[in-house]
Amino acid sequence: MKKIIGITTALVLIVISLAYLYFSNLNVSSRNNDRVLSEIPADASLIFQYPNDKSLYEIFSDYTVFDTIIGTQSKKELAWLKELLISKKDLADLTDGQKVFLSFHPSKTDSVHFLWSIQLKQNISINDLRNMLSELSNIRFSMKEKSGNAILEINTDELNRPFYLCIDKGIARGSFAFELINRSIDNKTKKISQSFIKEINTGISKDANALAHLFINYNKPGFLKPYFRRKLGDNMELFESFSGYSSLELNYKTDVMMFNGISRIPTVKDSYIPIFLNQKPVKNTIKLVMPYNTASSIAYGISDYTSYKKDLNVIFEARAELDTLNRQIEKIRSETGINPERDMIKLWAKEMSTLHLSTSESLGIIKVSDGSKLQFLLDPMSSFYSPTVRRMNYSNLFYFYLGDPMKKFSKPFFTIIDNLLILSNSPSSIQRFLNDYNSGRLLHKTEAYIQFDKLVADQSNVSFVLYLNNAAVLLRNSLKSNYSQIFRSKNHGIKDLYAMSYQLTSNNEYFFTNFYTAYKNIKTASEPDLFVDSIGSN
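Every chain is numbered independently, its residues counted from 1 as its sequence is written. At least 70 in pLDDT is required for a residue's local features to be given in this predicted model, at least 80 for side-chain atom pairs to be given and counted, and no such filter applies to totals for whole chains, interfaces and linings, which use all residues. Only hydrogens and water are set aside; all other atoms, that is, all heavy atoms of the structure, feed into the side-chain values.

Asker: Explanation requested: the environment of Asn 508 in the structure shown.
Answerer: Helix numbering and strand numbering both begin at the N terminus, where a helix is a DSSP run of H or I of at least 4 residues and a strand a DSSP run of E of at least 2. For Asn 508, the location among the structural elements is in the loop between strand S21 (497-506) and strand S22 (511-519). Of the residues examined, Asn 508 reaches a relative accessible area of 57% and is grouped as exposed. Along the chain, Asn 508 and Leu 277 lie 231 residues apart, while their C-alpha atoms are 4.8 Å from each other. Only protein chains enter the area calculation, which uses a 1.4 Å probe; residues under 20% of their type maximum are buried, those over 50% are exposed, and those in between are partly exposed.

What follows is the structure, given as structure tokens:
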């Protein structure tokens, strides 16, 4: 018995020791990350993290979709930087296996600047670094002084612009933008928030062996707004409608960019998207009725309408809209004899969608359980426009029952076909939809859609898809000048990409999140010529 007790005690001590070492290492890693991340300027809403590992660079050497997205210039610059980090043994020893943080920063010149940040294994001076690199051929050095720190300017025949390096507090930083380097080392410059840093540390700790991580900050100004000339509209406004963070991991496939992870979106009384945390995932079938020229779509899945409507009312109350909306329902009841609360509420099915077409038209699509019954209820609330199209006489009925996606359709034109309620602010848009639907001119019948859809999860609560060819004109008209150039050139790499998909699937406390982009023809992806060369320009 004493022997058993002794062995058990020894095993317990070993487990405790291993646990202590494990969590100590996590704490050390987190502290190192904190030091690096706390120096990143606050306008970084996207941060990409990967290990500085030679084998990883070899894996990425055939990652054509990544090359397509970053563009030929940035691809060349990244290749040069990789060689700089691994070709010189002294420098490689300082950085091998260390976490690299690549942050994205919109500039005043409507371009994106990159900042590389890495914790060195031991502290060295900028002069030490210069001496390490001095033996490399075709490199010219000069030294600049800013914010009390020395910044090394590197020029090389391989690149058409200088690269800047700085070492401070054991952290090496590099960028092609001198202004960004200066902001990173200036203690007076606002840096990313502690809550964002905590989310990044949590994501890295969760899977330290992931090939790479992508972290997104949705809090103001958001990760898309800086690139657009005006307030995000149509389906793009989804990404301005909530706050929080995404922590995503890269799943490697040479011709597809795939990120999976979680999004923590806080519940706010007047915020719409968080109410889907109280819903279960729903199979997306409404995608099968999208017209061939759909530029973007958002499909919403509602598993429990009673719970959903209860949450909607909380939002309306927080927005001081509930009394007004209730009075409108009472007006409908008194003037038409129809009781929507009793008769209509049970006809909503589990799906709805908003579509933005290449023609700038918008459609709302709502699945219903019995289109004939709904038609009977809506007829007294609407006016005749044509044999197939009617117009609502009362405002905000669909907003009241289904929420934010239907807010833009206050007194819409509508039609009902095959248990689908189609809404639009233009009667001609309704008619064009009917023509496409009846003639089978639908997006899901194209080969490119079929290939891409295989990547997209069949069930979700919120599913956004941007169809790049159909959206090209709309995007180049709404993006800031430099960013829109990627859609104006006949040779840009984006011509080979089919779509981008972003999905949120409820897990009660957070959303499982999937992001995909892929070529039109996954099997025969072409080499990119140009995508965002302006993204890295000064």
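Having seen the model, we can carry on.
Asker: How should the environment of Ile 417 be read in this particular structure?
Answerer: Looking at the element boundaries, Ile 417 is found in strand S17 (residues 413-417). Residues Ile 417 and Gln 375, 42 residues apart in the sequence, show an inter-C-alpha distance of 9.8 Å. Whether two residues are in contact is decided by their heavy atoms, any of which lying within 4.5 Å being enough. Aside from chain neighbours lying at most four places away, what touches Ile 417 is Ile 422, Leu 434, Tyr 437 and Asn 438.

Asker: Sorry if this is basic, but what is going on with the nonpolar core here?
Answerer: Looking at soluble globular proteins, one finds that nonpolar side chains tend to be buried together. Among buried residues, those of type Ala, Val, Leu, Ile, Met, Phe, Trp, Tyr and Cys that are joined through side-chain atoms within 4.5 Å constitute a nonpolar core. Formed by 115 residues in total, the largest nonpolar core has its most connected members in Trp 348 and Leu 378. Residue contributions to this core peak at 6 residues, all from helix H12 (residues 397-402). With near-sequence residues (within four places) excluded, Leu 378 lies in contact with Met 344, Met 392, Leu 397, Phe 398, Phe 414, Ile 416 and Leu 421. Grouped together as the second largest cluster of nonpolar side chains are 31 residues, Met 258, Ile 286, Leu 355 and Leu 443 included.

Asker: Just checking my understanding: could you explain helix H9 (residues 322-336) for this structure?
Answerer: Every α-helical turn comprises 3.6 residues, leaving residues that sit three or four positions apart pointing alike. A helix is expected to span 1.5 Å multiplied by its residue count minus one. Taking 1.5 Å per residue, 15 residues should reach 21 Å; H9 reaches 21 Å between its end C-alpha atoms and fits that length. Here H9 has its buried residues at Leu 322, Leu 325, Gln 328, Ile 329, Ile 332 and Thr 336. End-on view of H9: buried residues confined to an arc of 130°, all on one side of the axis. Turned more than 90 degrees from where H9 packs its buried face, Asp 323, Arg 327 and Ser 334 sit exposed. Relevant arc is that of directions from the helix axis to the C-beta atoms, nothing else.

Asker: How should I be thinking about the environment of Phe 223 in this particular structure?
Answerer: Inspection of the secondary structure assignment puts Phe 223 in the loop between strand S8 (213-217) and strand S9 (245-253). Taking the relative accessible area as the measure of exposure, Phe 223 reaches 13% and is therefore buried. When neighbours within four sequence positions are excluded, Phe 223 is seen to be in contact with Ser 45, Leu 46, Ile 216, Asn 217, Tyr 218 and Phe 239.

Asker: Got a minute to help me understand the pattern of salt bridges in this structure?
Answerer: If charged atoms from side chains of opposite charge come close, those side chains can pair. Here, a salt bridge means any Lys or Arg side-chain nitrogen found within 4 Å of an Asp or Glu carboxyl oxygen. Evaluated as defined, the whole model comprises 17 salt bridges. For Lys 144, the salt bridge is made with Glu 153, and the minimal N-O distance between the two is 3.6 Å. Note on Lys 144: relative accessible area 33%, which makes it partly exposed. Among the charged side chains, a network of salt bridges with common partners joins Lys 283, Lys 287, Asp 453 and Asp 458.

Asker: Just checking my understanding: could you explain the pairing of S9 for this structure?
Answerer: Sheet faces and side chains relate simply in a regular strand, where the side chains alternate between the two faces. Bridging between S8 and S9 involves 5 bridges; their strand directions are antiparallel. From the neighbouring strand, Ile 216 faces S9, where its bridge partner is Ser 246. In sequence, S9 turns back onto strand S10 (residues 256-264) through a hairpin of 2 residues. Strand pairing is defined by DSSP finding a minimum of two bridges between the two strands.

Keep in mind that these numbers describe shape and distance, not what the molecule does.
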